[in-house]
Amino acid sequence: MIFLFVLTLLQVKVPDIAEAPKGLPVAGAMLDQRTNEVASLLRCPVCQGLSVADSPSTMAQDMKHQVRELLARGYTQEQILAYFERSYGQFVLLKPKFQGVSAMVWLLPIAALIFGAIVVLSKAKQLEQGPAEAAPADDPYLARVRELVEKQ
Amino acid sequence: MNRIVLISGIVIFAALVGVLFLNLGHDPSAIDSPLVGKPAPSFALKAVGTGETIDVARLRGKPAIINFWATWCGPCYLEHPVLVQNARVLGNQVQFVGVVFNDTEQKIQAFLADRGSAYPTLLDESGKTAIAYGVGGVPETFFLDRNGKIVAKYTGPMSTEDIQKNLAKAMK
């Protein structure tokens, strides 16, 4: 079967970012720090809710290594996140983008907070105004209850 | 005031139910690939056993199946004979390629010697090819048309029916 391929004597070639770096190469302690910062924005695809920075899985380590390599070559955080997003989709971003259905993730908690505040304020206002209406003194039901209580 | 609060509550509740409903029945492990409909990322990796470098960009001209797997993956043991059988039957019409990552050549060779092989298996040592294809677990399989465009992705071990169903898209 292998003869069906056009065998080449080329070196191993792995997929890479097509565009040129837009930033400056990072090195040393700054490279370690930036690698962790960018890796913490990426979701480990084989874990349950762990970032690439936090996951001990080999897959996450490979991704972290690639983040480090790209930063060292001068790629910006935006370029690196976009590269991973092109392969994995928005799923790989731990901080969802403010667009489409993902916008609901941002908007719904704010809407729920405003709604809760309105409910609390309206109830507080009602309490300030006192009981809505005092029971009439000549209410036959209350008179009967009082009578029964006094008898006991 | 109470009516406004009630309506607001209903709207927020409906939105929450809507978001949950959208994801109802959706397998969280089956992530839609944004690569479907796009050209397959190009790579050239060394074939296990021969050590020859195989450039997958040269596969164009016939539909291809790129299967990501590993020897430590349980479901891959179930899928392997299915792929080998299909490759033997469809070998002239479809190019099958296996890509193994997070693994060692020694283990892969032992696996293939034990369970048979009918197509090239490439070793992705750095894991970069798997990352470029958005692989989140193994096995995962990509179906390419004759122009090298990804037409389908399958997550999990495939049956012959799964292969045929997805291959039909690549044969168009």
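Residues numbered from 1 in each chain as written. Chains lettered and ligands numbered in written order. Predicted model: local features only at pLDDT ≥ 70, side-chain atom pairs only at ≥ 80, totals over all residues. Heavy atoms only, no water.

### What about the overall build of chain B?
Inference 1: Helices and strands together make up the secondary structure of chain B, namely five helices and seven strands.
Inference 2: For chain B, the succession of helices and strands along the chain, N to C, is α-β-β-β-α-β-α-β-α-β-β-α.
Inference 3: In terms of overall size, chain B is more extended than a compact globule, its C-alpha atoms giving a radius of gyration of 20 Å where 172 residues would be expected to give roughly 16 Å.
Inference 4: Judged by the C-alpha coordinates and their principal axes, chain B covers about 75 × 35 × 30 Å.
Inference 5: For chain B, with 172 residues in total, the buried portion stands at 52%.
Inference 6: For chain B, the share of sequence-separated contacts (at least 6 apart) that also reach a separation of at least 24 residues comes to 69%. (Helix = DSSP H or I, 4+ residues; strand = E, 2+ residues; numbered from the N terminus. Rg over C-alpha atoms; globule rule 2.2 N^0.38 Å. Buried < 20%, exposed > 50% of the residue type's maximum accessible area, 1.4 Å probe, protein only. Contact = heavy atoms within 4.5 Å.)

### A short note on the packing of helix α1 (residues 28-39) of chain A against helix α2 (residues 58-72) of chain A
All names here are of chain A.
Inference 1: Viewed as axis vectors pointing N to C, α1 and α2 meet at an angle of 125°, and their least axial separation amounts to 9 Å. Taken as axis vectors, α1 and α2 run oblique relative to one another. Regarding α1 and α2, the two cross each other, and that crossing is right-handed. Counting all contacts with α1, which are made through Leu31, Asp32, Arg34, Thr35, Asn36, Val38 and Ala39, the residues of α2 involved are Lys64, Val67, Arg68, Leu71 and Ala72.
Inference 2: For the contact of α1 with α2, the residue count by class is six nonpolar, two polar and four charged. (Axes fitted to C-alpha atoms, helices over the stretch in contact; angles between N-to-C directions. Parallel < 35°, antiparallel > 145°, perpendicular 65-115°, else oblique. Left-handed = near helix turned anticlockwise from the far one by under 90°. Nonpolar A, V, L, I, M, F, W, Y, C, P; charged D, E, K, R; others polar.)

### Details of the pattern of salt bridges
All names here are of chain A.
Inference 1: This model, assessed by the stated rule, comprises twelve salt bridges over all chains.
Inference 2: Arg73 serves as the salt-bridge partner of Asp16, at 2.8 Å between the closest nitrogen and oxygen. Taken together, the residues Asp16 in the loop between β1 (7-8) and α1 and Arg73 in the loop between α2 and α3 (77-88) connect sequence positions 57 residues apart.
Inference 3: Note on Asp16: relative accessible area 39%, which makes it partly exposed.
Inference 4: By relative accessible area, which is 32% here, Arg73 ends up partly exposed.
Inference 5: Here Arg86 ties to Glu19 by a salt bridge, and the two come within 3.9 Å at their closest N and O atoms. Note that Arg86 is positioned in helix α3 and Glu19 in the loop between β1 and α1, a separation of 67 residues in sequence. (Salt bridge = Lys/Arg side-chain N within 4 Å of Asp/Glu carboxyl O.)

### What to know about the interface of chain A and chain B
Inference 1: Chain A puts 39 residues into the contact, and the matching count from chain B is 51 residues.
Inference 2: For the pair chain A and chain B, the number of links is two salt bridges.
Inference 3: Here Glu69 of chain A makes a salt bridge to Lys128 of chain B, at a shortest N to O gap of 2.5 Å.
Inference 4: Listed by contribution, the elements that provide at least two residues to the side of chain A that touches chain B are β1, α2, α3 and α4 (102-128) of chain A.

### Focus: the packing of aromatic side chains
All names here are of chain B.
Inference 1: What the rule picks out here adds up to eight aromatic pairs over all chains.
Inference 2: Aromatic side chains Phe68 and Tyr133 sit 5.4 Å apart centroid to centroid with 50° between the ring planes, which places their arrangement in the tilted category. Of the two residues, Phe68 is situated in strand β3 (residues 64-69) and Tyr133 in the loop between α4 (128-132) and β6 (140-144); the sequence distance between them amounts to 65 residues.
Inference 3: The class of Phe68 is buried, set by a relative accessible area of 0%. (Phe/Tyr/Trp six-rings, centres within 6.5 Å; stacked < 30°, edge-to-face > 60°.)

### Remarks on the confidence of the model for chain A
Inference 1: Of all residues in chain A, 87% have pLDDT values of 70 or greater, and the mean over the chain is 86.
Inference 2: Mean pLDDT values over the elements of chain A span from 48, in β1 of chain A, up to 98, in α1 of chain A. (pLDDT = per-residue confidence, 0-100.)

### Some words on empty space enclosed by the protein
All names here are of chain B.
Inference 1: Summed over all chains, the structure comprises two cavities of 30 Å³ or more.
Inference 2: Computed from the structure, the largest cavity encloses a volume of approximately 100 Å³.
Inference 3: Every residue lining the largest cavity is counted, 15 residues in all, and those nearest its centre are Val56, Ala57, Arg60, Leu144 and Gly148.
Inference 4: Taken together, the residues of the lining of the largest cavity break down into nine nonpolar, two polar and four charged.
Inference 5: The greatest single-element share of the lining of the second largest cavity, amounting to four residues, is contributed by helix α2 (residues 74-90). (1 Å grid on protein atoms, 1.4 Å probe; cavity = no way out; pocket = protein on both sides within 12 Å on 5 of 7 lines; lining within 4 Å. Points joined across faces, edges and corners; volume = space filled by probe spheres on them.)

### Brief notes about the layout of surface pockets
Inference 1: Empty space within the second largest pocket amounts to approximately 260 Å³.
Inference 2: In terms of lining residues, the second largest pocket is bounded by 13 residues, among which Asp16, Tyr83 and Arg86 of chain A together with Leu35 and Pro41 of chain B are the most central.
Inference 3: Among the elements that take part in the lining of the second largest pocket, α3 of chain A stands out by supplying three residues, more than any other.

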